[in-house]
Amino acid sequence: MAEKMRLDKYLKVSRLVKRRTIANELCDARHVEVNGKAARASYEVKAGDTIAISVGARKTTVRVLAVTEHATKESASAMYEEIAE
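Parameters and conventions
- Residues numbered from 1 in each chain as written.
- Predicted model: local features only at pLDDT ≥ 70, side-chain atom pairs only at ≥ 80, totals over all residues.
- Heavy atoms only, no water.
- Salt bridge = Lys/Arg side-chain N within 4 Å of Asp/Glu carboxyl O.
- Buried < 20%, exposed > 50% of the residue type's maximum accessible area, 1.4 Å probe, protein only.
- Helix = DSSP H or I, 4+ residues; strand = E, 2+ residues; numbered from the N terminus.
- Core = buried A, V, L, I, M, F, W, Y, C linked by side-chain atoms within 4.5 Å.
- Contact = heavy atoms within 4.5 Å.
- Pairing = 2+ DSSP bridges.
- Arc of directions from axis to C-beta.

Asks: I would appreciate a short explanation of the pattern of salt bridges in the present structure.
Replies: Two side chains with opposite charge may pair up if their charged atoms get near one another. Within this structure, the stated rule accounts for five salt bridges. Of the charged contacts in the structure, one is a salt bridge between Arg6 and Asp8, with a shortest N-O distance of 3.1 Å. For Asp8, a relative accessible area of 1% puts it in the buried group. In this structure, Asp8 engages Arg20 in a salt bridge whose closest nitrogen and oxygen atoms are separated by 3.3 Å. Placement of Asp8 in helix α1 (residues 7-13) and of Arg20 in helix α2 (residues 20-28) is noted, with a sequence separation of 12 residues between them. Classification of Arg20 by relative accessible area gives partly exposed; the value is 33%. What you see here is one network of salt bridges that share partners, running through Arg6, Asp8 and Arg20.

This is the structure:
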């Protein structure tokens, strides 16, 4: 199991964002925060990090539980837990 992973890849593998290019664009536009700070796509995500994604009026906040290289549709949601705002 991987210890760390690039933020853009994590967002795609965990299925929080549909495509890696979209994840990159969100990071470039400063719509993604990790632990309260705007994060670049190259940020190394690790278990315990808190990721906040803002798209329009919708904000999703999750806590990273696991970082795995590959995830199936069923196991992707086990990589994080949603945090209520």
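Asks: It is not clear to me how the nonpolar core should be interpreted in this structure. Could you clarify?
Replies: One broad trend across soluble globular proteins is that nonpolar side chains are buried collectively. Core analysis: the largest hydrophobic core is formed by 23 residues, its most contacted members being Leu7, Tyr10, Leu11, Val32 and Ile51. Those elements that place two or more of their residues in this core are α1, α2, β2 (32-34), β5 (50-55) and β6 (58-64). Here this core takes four residues from α1, the largest share from any one element. In this structure Leu11 touches Leu16, Val17, Ala23, Val32, Ile51 and Ile53, once residues within four positions along its chain are discounted.

Asks: Help me understand the sheet that holds β6, please; the structure alone is not making it clear to me.
Replies: Strand pairing within a sheet occurs via backbone hydrogen bonds; the two strands may be parallel or antiparallel. Taken together, five strands build an open sheet; the order of strands is β3-β2-β5-β6-β7 and the sheet is antiparallel. One side of each edge strand has no neighbouring strand; the edge strands of this open sheet are β3 (37-38) and β7 (80-82). Sheet analysis places β5 next to β6, joined by six bridges and oriented antiparallel. Paired with Val55 across the bridge in β6 is Arg58.

Asks: Help me understand α2, please; the structure alone is not making it clear to me.
Replies: Here α2 has its buried residues at Ala23, Leu26 and Cys27. For α2, the buried positions fall inside an angular range of 100° around the axis, keeping them on one side. Exposed side of α2, more than 90 degrees from the buried face: Thr21, Glu25 and Asp28 are the residues found there. Lining the buried residues of α2 we find α1, β2 and β5.

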